[in-house]
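Okay, here's what each chain looks like letter by letter:
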Amino acid sequence: DNAYSSLVSFTNLESASYTASYNANGGTGTVPAPQTGALNYFTDLQDGTPYKVEENDPRLTYTGTWTTQSNGVTKYGSGTISHTFSGAQVELIGYRAPTSWGYGTGTVTIDGGTPTAVTWVADPIIVGQSIYKSPVLSAGTHTIVITTQVKSGTIDYLEITPLQPLTKAGYT
């Protein structure tokens, strides 16, 4: 049986790409891989729990005309919203309202791919609605672009699902 101990751990990190480095001999030399003493176990710091990127997060890029609703938790308007993230999936949460209120349709693209049609139209109004949910994405950095085409759209937040944890890697 191999006994593993934690030499270092990190908590409360934002979802991002990180590089982990180690020195198997505490700075006194190197251990050629693969050999006992080389990296035996690595656990990804992301736990796979979805997190929110709120509508007022400075990492969101808005073009066009967007206004914060009086409720302070929703933006509505026309133009584009873009966000770059690392994750396995992204979901746009907003609300739908009647066209007489000025709500319409648009598209969402991931990584410049084929646009997917979305609608912000419903009667009566529906709050906290999933407007778009991506398919499961490959590992890496992705960019979502939300574009209104006819009238306005809304965003409460984006929900990002990080990549699932890597449970084992390295040498045994």
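Report on the accompanying structure.

Reading the values: the criteria
Residues numbered from 1 in each chain as written. Predicted model: local features only at pLDDT ≥ 70, side-chain atom pairs only at ≥ 80, totals over all residues. Heavy atoms only, no water. Helix = DSSP H or I, 4+ residues; strand = E, 2+ residues; numbered from the N terminus. Polar contact = N/O pair within 3.5 Å; in protein donor to acceptor, adjacent residues only side chain to side chain. Contact = heavy atoms within 4.5 Å. Salt bridge = Lys/Arg side-chain N within 4 Å of Asp/Glu carboxyl O. Buried < 20%, exposed > 50% of the residue type's maximum accessible area, 1.4 Å probe, protein only. Pairing = 2+ DSSP bridges. Axes fitted to C-alpha atoms, helices over the stretch in contact; angles between N-to-C directions. Patch = residues over 30% accessible without salt bridge, like charges linked within 9 Å, V, L, I, M, F, W, Y side chains within 5 Å. Areas by Shrake-Rupley, 256 points an atom, 1.4 Å probe, with all protein chains shown as cover. Phe/Tyr/Trp six-rings, centres within 6.5 Å; stacked < 30°, edge-to-face > 60°. Lys NZ or Arg CZ within 6 Å of the ring centre and 35° of its normal.

Let's talk about the side chain of His83
Within the secondary structure, His83 is located in strand E3 (residues 75–86). A polar atom in the side chain of His83 sits 3.5 Å from the backbone oxygen of Arg59. Sequence-distant contacts of His83, that is, excluding residues within four places in its chain, are made with Val53, Arg59, Leu60, His142, Thr143, Ile144, Leu158 and Ile160.

Topic: the pattern of salt bridges
Evaluation of the coordinates by the stated rule reveals one salt bridge. Here Arg59 makes a salt bridge to Asp57, at a shortest N to O gap of 2.8 Å. On the accessibility criterion, Arg59 (39% relative accessible area) is partly exposed.

A short note on the sheet that holds strand E1 (residues 51–54)
Taken together, four strands build an open sheet; the order of strands is E1-E10-E4-E7 and the sheet is antiparallel. Edge positions in the open sheet fall to E1 and strand E7 (126–133), since each of these has one partner strand only. The average undirected angle you get between the axes of adjacent strands in this sheet is 30°. Summarising the sheet, strand E4 (residues 89–96) and strand E10 (residues 157–161) pair through five bridges and their orientation is antiparallel. Its bridge partner lying in E10, Ile93 is registered against Tyr157.

A short note on a nonpolar patch on the surface
Together, Trp101, Ile125 and Val127 make up a nonpolar patch on the protein surface, roughly 330 Å² of accessible area in all. Along the chain, Val127 falls in strand E7. Taking the relative accessible area as the measure of exposure, Val127 reaches 64% and is therefore exposed.

Here we look at the pairing of strand E8 (residues 141–150)
Where E3 meets E8, seven bridges bridge the pair, whose relative direction is antiparallel. Note that in E8 the partner of Thr80 across the bridge is Thr147. Direction of pairing for strand E5 (residues 105–110) relative to E8: antiparallel, over a ladder of six bridges. Counted as the bridge partner of Thr109 is Val145 from E8.

Some words on the packing of aromatic side chains
A full pass over the atoms with the stated rule returns two aromatic pairs. Measuring from ring centre to ring centre gives 5.7 Å for Tyr95 and Tyr103, while their planes differ by 55°; the resulting arrangement is tilted. Across this residue pair, the class does not change: Tyr95 and Tyr103 are buried. If you follow Lys52 out to its NZ or CZ, it ends over the ring of Tyr157, 4.4 Å from the centre. The cationic tip of Lys75 hangs over the ring face of Tyr62; the distance from NZ or CZ to the ring centre is 4.8 Å.

Fair warning: the whole summary comes from geometry, so function is off the table for now.
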